Every structure is written in structure tokens, then in C-alpha cells.
Amino acid sequence: MKTPPSICSLFSPCLSPAVTFGAAFADATDNQLGVIETIISSGMSGVIYSFLSGQPLCILGATGPELAFTVVFYEICQSMEVDFLAARVWQALWCSLFTILVALFDLSACMKVCTRFTEEIFSFLISIIFIVGAFTTLIKLYLADPDVEGDDPAAPANRAKAFLGTLLGLFTYFTAMWCRAFPKRNETTPLVRKLVANYGVTLSILLYSGINYGFRDVDVPCLDMPDEIVPTATLNGTGESRGWFVNPFGDETASGYDTPGVGFIFFTAVPALGLAVLGYLDQNLTTLLINRKDHNLKKGGAYHLDLLVCGIFVYPICGFFGLPFTHAATVRSMSHLMSLMTREDSKNEHGQTVSKVTNVVEQRVTHLGIHCLLLAALGLSAVLTKIPKVVLAGVFLYMGVTALPGVQLYERLWLWLIWDPKKYPQYDYVTQVARKPLHLFTLFQFSCLAVLYALTKVPNPYISVIFPFFIAFLPLIRKLVPKCFPSVWSKEDLKALDK
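This write-up is about the structure you can find in this document. Fair warning: this is a prediction, and the values are worked out from it, not measured in the lab. (Residues numbered from 1 in each chain as written. Predicted model: local features only at pLDDT ≥ 70, side-chain atom pairs only at ≥ 80, totals over all residues. Heavy atoms only, no water.)

**Comments concerning the packing of helix H3 (residues 64–80) against helix H11 (residues 269–290)**
The N-to-C vectors of H3 and H11 enclose an angle of 175°; their axes lie 10 Å apart at closest approach. When the axis of H3 is compared with that of H11, the two are roughly antiparallel. Residues Pro65, Glu66, Phe69 and Phe73 of H3 touch H11, and the partners they reach there are Pro271, Gly274, Leu275 and Leu278. A breakdown of the residues in the contact of H3 with H11 according to their chemical character gives 6 nonpolar, 1 polar and 1 charged. (Axes fitted to C-alpha atoms, helices over the stretch in contact; angles between N-to-C directions. Helix = DSSP H or I, 4+ residues; strand = E, 2+ residues; numbered from the N terminus. Parallel < 35°, antiparallel > 145°, perpendicular 65-115°, else oblique. Contact = heavy atoms within 4.5 Å. Nonpolar A, V, L, I, M, F, W, Y, C, P; charged D, E, K, R; others polar.)

Here is the structure:
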């Protein structure tokens, strides 16, 4: 009985990020990738994954780190004047090779060295990418048109566009958050409250897209999509859409850029290795969360099989057809898992009420159904062009903020704003660790996060490309730094802070 509601309730949370990430890809790559490609990529990879993967409860889709890395690779191609889509084919093939080798040589076992320290930095990075991306879109409304504050006759119209766009973006976020919290209220029936919560993001998009349509004279930028199911990128100087198949050796007349030479083909192995590291982390960290013992899953994990499916099928197909790469998306995967759970409340030894998972419907039908519906949504391109980009920025902000609760680094950062230690929330680590080592560990972890985020924003793409490798080295940094300062953290402190 849980399967049909799960498909219906997850369709919206999977379509909204696909549209939102597609708009972000289009802006960052000058329409080399777009909404059409992102929906096809999510749907196609999901259908393949539903049949062949070992853990079909994971939902594949575009992710924040992958978006950031795609932007870095696009800037590298631009600086070297090489056809971006042709270069991505070689990146996909190298990434596929590395991923297959990881699967064949049992390298997913290395994830045992990843502790909460690394997981939370990675999760926090995703949230920051979402939140900063949302506010960047809103701020651009005031910077894109130089006459927002001038005396030019166009200034009032530009000010109206910036003001309306800001309101639409922020109220999309606030409405989605209100819908998310609606089940805690007493109005209406439990079924209605649950429906409002499940479809809150979609309702917010529809509501504020409709309001924007009522103010269509203001000209707030909307999604730019083809009327047909054709690629977003156009042929150089013609305005016609490119073909679906991407020639790995490029086409100078079609793209206006040089074709990848032999040297560049081998050079793409470096960013491809970074992409493989990102896929490895996204895939395994998400699967670890899904396979936690307290979820009481009956079927074991299949970490290497899942990576093998991505390496053999998903990455090459995305490369040759000019589609964004997809990885296991943490938030959507956890939502999928929760929609299939049965929970029961019970009393623990202290008399407190706790909720435990008693059953999870483990199957492949929901994964297949969700992604078949995503592919069917391609027929809605005429409707999707009515969605303002600022509304999708509000969705990005919502995704970033809602991913933060439960991240201990986020909780510990808030402790810095509480001057009286007696008023600290009584988390386990607060009661077990003294104040100085507690705050120093937070500073250590936050510093690693700051360095990681800074690497994604370095103007030089040849430096930015190393940020996935920095993530891979976080477990080593976590082991070495405390050993260099044994007087700061005891073994008991580290056990409490980094379970």
C-alpha cells in the first residue's frame, strides 16, 4: 500500500530539483546544459538504476557539488577554447574507467575511514552551495541592469523587476517551509496535512509562478527552454539546436571552439578523477545513510555494484548525449526511504517515548515509477517556461536550509552565539566534552569547510578543480591533526564529538 503514495509524493520533490538544477546549469554553462537535459539525465539514469542497482532506495539526480564541479570544468574549457560538450565525453569516459576500477578493486571499503567529521563537512558544503546560489540569483537582479538606481526612464521598470523577483524568491522559500511544518498544526485532517507537506515545494512553485504571470509586464526572467524536446545548446551562429549525439572529437563549425586534441584528451583525466571522487563520495555517503542499522533493512548493501552501474551505463550515456552527470542525491534518497517506512512508538528504559522503524518496503517499483514520471514531464516544457528563475532560487534556499538540521557541526556553530554555557542545549556531546575542546573541534571542522568552499570559488579553474581531492583527504586530516595536538582532545572527547 505504500508504493503508489511514495511514487506520487516523490515525483514533485524529484522534478523540482531537476528543473532548479537545470536552470543553474544553463546559467553557468551559457546554455550548453539546461532543464531538458537535466530532466532526461535524471529520468534515464533512474530507470537504469532501478533495474540494475543493488540499493534502489537511492535516488539519482544532479547534486550541488557536481554542479560546482561542472562549472569549474566549463571554465577550464573556456580558458583553453575547447568545445565543452566534446571535452565532457572524454571526461565521462575517464570517469567511467576510474569508477569501474574502484568497483572491481573493492575500494568502497575505504569508506570505513570516513567519520561524522567528513560526512558533515560534505553535507554542509551542499547546503552552502544551495543557499549561496539562491542569494546570488536574487542579488543579480540588482546588478544585471545598470539603471536600477539611475534616472534613466528604464530605471523604474528595472527596480520593479528586482523588487518583485526578490519577493517571489523569498516567499517561495517561506511558503515551502510553512508547508513543511504544516503536519505539526491542528488544522484539517492528517491526510490533508501530509499532502500539503509532501507537495509543499510544488505548490509554492505553482503559486508564485501564477502571481508572476499576473505581473507579466514586469518581465521577471523565466526559464529558457525549447518548445520541443531538443537540446538547449544551439549550433554556432545558426540558432538551431545541436544534435543529441555529441561527437567526442568536436565540430569547430558547430561549436565555434577548437576540437579536443590528444594532449587535452589525456588532460581531461585529471578533472575526470575529481568527478569520480565526487561520485564515489556522493554515492557511498548516501548509501551509508540509507543502510543504517536503525532502518532495519533486510537486504544488504551493494556499494560496488551501484558504482559499477554508474561506471558502465550512467556516465558514458550522459557524456555522449550531453547530459549532466547524476549521483545519489542524499535528501531525495532519504525522503524516498522515509516514504516507505513504517514506524512505531515505544518506551525506552528511561520511560521516554521513542520512534523505531519496524519495516521498510524494499523494492524497485517506486524508483522506476518516479523516474518514468520524470521523463513524461518533458511534455510540460511550455508550462516550465512560465516558472521564474527567482522562484527556483527560493527552492534552492529551501533545499539548503532544510538539509542543515541534524548536522552536528551546524548545531555546534550555534553554541558560539550562546554566551552562558548553562543555557547550552543538552546534546550528548555537550554533556560529555569540556567547553574548550568542544569549541576547538568546531573551529577545526569549520576551518576545513571554509577551505573546501573557498576552493570551489577560486577564480582560477585550475586550482578549483582540486576541491574533490581535498574532500578525499579530509579523513586523513581528521586523523593527523588531533595526533599533532594530543593535549587538546582526549580519545573520549573525539569519540563523543565524532561518533
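**Here we look at the packing of aromatic side chains**
As enumerated under the stated definition, the model contains 23 aromatic pairs in all. With a centroid separation of 5.6 Å and an interplanar angle of 70°, the aromatic rings of Trp90 and Phe249 are classed as edge-to-face. Within this pair, whereas Trp90 is found in helix H4 (residues 84–104), its partner Phe249 is found in the loop between helix H8 (200–214) and helix H9 (252–255), the two being separated by 159 residues in sequence. Overall, Trp90 belongs to the buried group, its relative accessible area being 17%. Taken together, a centroid distance of 6.2 Å and an interplanar angle of 90° make the contact between Tyr410 and Trp414 edge-to-face. Taken as a pair, Tyr410 and Trp414 lie in helix H17 (residues 408–415) at a separation of 4 residues, close to a single helical turn. On the accessibility criterion, Tyr410 (25% relative accessible area) is partly exposed. Three or more aromatic residues link up through ring pairs in this structure, and these residues are Phe117, Phe441, Phe444 and Trp489. (Phe/Tyr/Trp six-rings, centres within 6.5 Å; stacked < 30°, edge-to-face > 60°. Buried < 20%, exposed > 50% of the residue type's maximum accessible area, 1.4 Å probe, protein only.)

**Considerations on a nonpolar patch on the surface**
On the surface, a cluster of nonpolar side chains totalling about 570 Å² of accessible area is made up of Trp414, Trp416, Leu417, Leu440, Leu443 and Phe446. Of the residues forming the nonpolar patch, the biggest block, 3 residues, is contributed by helix H19 (residues 435–457). Position of Leu417 among the secondary structure elements: in the loop between H17 and helix H18 (428–432). (Patch = residues over 30% accessible without salt bridge, like charges linked within 9 Å, V, L, I, M, F, W, Y side chains within 5 Å. Areas by Shrake-Rupley, 256 points an atom, 1.4 Å probe, with all protein chains shown as cover. Salt bridge = Lys/Arg side-chain N within 4 Å of Asp/Glu carboxyl O.)

Any link to function would need more than the numbers given here.
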